[in-house]
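Architecture and fold: a report
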Amino acid sequence: MMQMLQCSLFVIIATVIVGTLGTIGLDNVEKQTSITEVILRGLIYVFAVFQLLSIPAIYRYMSLHAFAWVVACTLVAMTGGKIIWSVKKKSKIRCGIKHHWDEKTIWNLMALVLIVFQLFMAVAYANTNDDDAFYVATATTAVESDSLYAVNPYTGDPFASFPARYVLSPFPLFYSVISYFTGVSATIIAHIVMHVVFIVLAYGLYAAIGREIFGDDAHKNGVFMTALCVVNICSLGAEHLQGSMLLLRNWQGKAVLATIVIPFIMLQLWRMHKMGQSKTDYVLLFSAMLASCFVSSMGIVLGVVTLGVYGMTDLILKHDIKKFMMTMCCALPNIAYALMYVRIR
């Protein structure tokens, strides 16, 4: 129990720091930005850093403890630099975090009750999936062997060659690094701690999407969130439905892609279309594309498809070739990893 509390504290502190990294300096920070959205932006940056650092580390046969400290030092350096550079914008962030507690309706309260119920079920009851035999086992194997994708989690034998399908999207290493620093089993981190965190962040993201659709109408936003909760709870009959991905297996990379990363990319693209874009917005979008590559190999393709559909639509509507080229440049990581996959396959 004490280790669980320590792990929870570690995750909370880390996400607050990362949330600051992901928010300060953004040109489109508004009063409607929620605390979950602040943390989610930071998490996208964390996933991007993991993706950039993990592939070279795997191919250089780096140990897990060395990789964990490289990631930690990189994030600390980035956070410190960003805070120093953007210290004058911290007051704007506080306003954004404070804004959402102003209006409450019966629908908002119903949505909150349903979300709490889902969180309780996620903690009180365990769900397993066949994919855990590789994904979660890879995280625990990395910790036990102090290696990165060097040991086959199925057999315990060394890999003869890197698994092409998984090595370019090493999401289990995210759990391995947290496990290394906290001493809590990667299985517990995946199935309980991050399971709850991802559900909260997902609903925070959906609430942000609702505000983009319905504006500041608290009644409509409450109805939207309540209906979304009901749909998720009632769509657990098949493992690939939205509700199953969010509530039963969201610790897996493909589920994080479907429930968080792709919706985040769509929200960011919509805001860039509506409010204009800056260099910082493109950095965030580029990081989100890296994050899509990190969580799942399917994200390498789906990220490009999402970006391509938006780019072509925006080009037809606004006839802005420069913006189209800048947007598609954010897909360069996906294209690069796709070419790497073809090479190693």
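Bear in mind that the values here come from a model prediction, so they are computed numbers and not experimental data. (Residues numbered from 1 in each chain as written. Predicted model: local features only at pLDDT ≥ 70, side-chain atom pairs only at ≥ 80, totals over all residues. Heavy atoms only, no water.)

**Here's the deal with the overall build of the chain**
In terms of regular secondary structure, the chain is built from 16 helices and 0 strands. Counting over 345 residues, the chain shows a buried share of 51%. For the chain, contacts bridging at least 24 residues in sequence account for 73% of all contacts bridging at least 6. Accessible surface, the chain: about 16,300 Å² in total, of which carbon and sulfur atoms supply 70%. (Helix = DSSP H or I, 4+ residues; strand = E, 2+ residues; numbered from the N terminus. Buried < 20%, exposed > 50% of the residue type's maximum accessible area, 1.4 Å probe, protein only. Contact = heavy atoms within 4.5 Å. Areas by Shrake-Rupley, 256 points an atom, 1.4 Å probe, with all protein chains shown as cover.)

**Concerning the packing of helix 9 (residues 186-214) against helix 12 (residues 253-275)**
The N-to-C vectors of helix 9 and helix 12 enclose an angle of 30 degrees; their axes lie 10 Å apart at closest approach. In terms of their interaxial angle, helix 9 and helix 12 are classed as roughly parallel. Read as a crossing pair, helix 9 and helix 12 show a hand that is left-handed. Of the residues in helix 12, those in contact with F198, A202, L205, Y206, A208, I209 and E212 of helix 9 are V256, T259, I260, P263, F264, L267, W270, R271 and K274. Considered class by class, the residues forming the contact of helix 9 with helix 12 number 12 nonpolar, 1 polar and 3 charged. (Axes fitted to C-alpha atoms, helices over the stretch in contact; angles between N-to-C directions. Parallel < 35°, antiparallel > 145°, perpendicular 65-115°, else oblique. Left-handed = near helix turned anticlockwise from the far one by under 90°. Nonpolar A, V, L, I, M, F, W, Y, C, P; charged D, E, K, R; others polar.)

**So, empty space enclosed by the protein**
In the structure shown here, the tally under the stated rule is 2 cavities of 30 Å³ or more. Volume-wise, the largest cavity comes out at about 50 Å³. Surrounding the largest cavity, F134, T138, T141, A142, S147, Y149, A150, V151, P153 and F159 form its lining. Residue classes in the lining of the largest cavity are distributed as 7 nonpolar, 3 polar and no charged. (1 Å grid on protein atoms, 1.4 Å probe; cavity = no way out; pocket = protein on both sides within 12 Å on 5 of 7 lines; lining within 4 Å. Points joined across faces, edges and corners; volume = space filled by probe spheres on them.)

**Some words on the confidence of the model for the chain**
Atom-level detail of predicted coordinates should not be read off regions where pLDDT is low. The predicted model of the chain has a mean per-residue pLDDT of 82, with 84% of residues at 70 or higher. At the level of individual helices and strands, the chain shows its lowest average pLDDT in helix 4 (residues 90-98), which scores 47, and its highest in helix 8 (residues 172-182), which scores 91. Counting interchain partners and residues more than four positions distant, the pLDDT-below-50 stretch residues 25-32 has 29 contacts. (pLDDT = per-residue confidence, 0-100.)

**A short note on helix 9**
When the terminal C-alpha atoms of helix 9 are compared, their 39 Å separation across 29 residues agrees well with the 42 Å that a helix rising 1.5 Å per residue should span. Of the residues one or two after helix 9, G215 is the one with positive phi, at around 70 degrees. (Expected span 1.5 Å × (residues − 1).)

**What to know about the packing of aromatic side chains**
Taken as a whole, this structure holds 20 aromatic pairs when the rule is applied. A ring pair is formed by F47 and F294, whose centres lie 5.6 Å apart and whose planes are at 40 degrees; its orientation type is tilted. In this pair, F47 is assigned in helix 2 (residues 35-59) and F294 in helix 13 (residues 279-295), connecting sequence segments 247 residues apart. Classification of F47 by relative accessible area gives buried; the value is 1%. Through pairs of rings, three or more aromatic residues link up here, namely F47, F50, F67, F171, F174, Y175 and F294. (Phe/Tyr/Trp six-rings, centres within 6.5 Å; stacked < 30°, edge-to-face > 60°.)

**A word on the nonpolar core**
In terms of nonpolar packing, the biggest core is built from 86 residues, with F47, F171, F174, Y175, M194, F198 and Y203 touching the most fellow members. With 14 residues, the top contributor of residues to this core is helix 9. For F171, the residues in contact, after removing those within four places along its chain, are F47, Y149, F198, W251, Q252, G253, V256, F294 and V295. (Core = buried A, V, L, I, M, F, W, Y, C linked by side-chain atoms within 4.5 Å.)

**Side note on helix 14 (residues 297-318)**
With 22 residues, helix 14 should reach 32 Å at 1.5 Å per residue; the first-to-last C-alpha distance of 32 Å fits that figure. For helix 14, every residue scored as buried is listed here: G299, I300, G303, T306, L307, G308, Y310, G311, D314 and L315. Taken together, the buried residues of helix 14 touch helix 12, helix 13, helix 15 (321-329) and helix 16 (332-344). Between the side-chain oxygen at the start of helix 14 and the backbone nitrogen of M298 there is a gap of 3.2 Å, and the oxygen is on S296. One or two positions beyond helix 14, positive phi appears at H319, with a value near 55 degrees. (Polar contact = N/O pair within 3.5 Å; in protein donor to acceptor, adjacent residues only side chain to side chain.)

**Here we look at the environment of I300**
Checked against the element boundaries, I300 lands in helix 14. You can call I300 buried: its relative accessible area is 7%. Separated by 11 residues in sequence, I300 and M289 place their C-alpha atoms 8.1 Å apart. In this view, I300 contacts S169, S292, C293, N334, Y337 and A338; residues no more than four positions away in its chain are not counted.

**Quick look at a nonpolar patch on the surface**
A cluster of nonpolar residues, I106, L109, M110, L112 and V116, forms a patch on the protein surface that exposes about 460 Å² of accessible area. For V116, a relative accessible area of 46% gives the class partly exposed. (Patch = residues over 30% accessible without salt bridge, like charges linked within 9 Å, V, L, I, M, F, W, Y side chains within 5 Å. Salt bridge = Lys/Arg side-chain N within 4 Å of Asp/Glu carboxyl O.)

**Some words on the environment of I265**
Here I265 is to be found in helix 12. For I265, a relative accessible area of 0% gives the class buried. With 19 residues separating them in the primary sequence, I265 and L284 have C-alpha atoms 9.3 Å apart. Residues contacting I265, with those up to four places away along its chain left out, are L285, A288, M289, S292 and T306.

**A closer look at unusual backbone geometry**
Positive phi, close to 55 degrees, is recorded for Y61, a residue that is not glycine. Structurally, Y61 is set in the loop between helix 2 and helix 3 (64-85). On the basis of relative accessibility, which here comes to 61%, the residue Y61 falls in the exposed class. Backbone geometry at H319 places phi at a positive 55 degrees, although glycine is not the residue there. In this structure, H319 sits in the loop between helix 14 and helix 15. Overall, H319 belongs to the exposed group, its relative accessible area being 64%.

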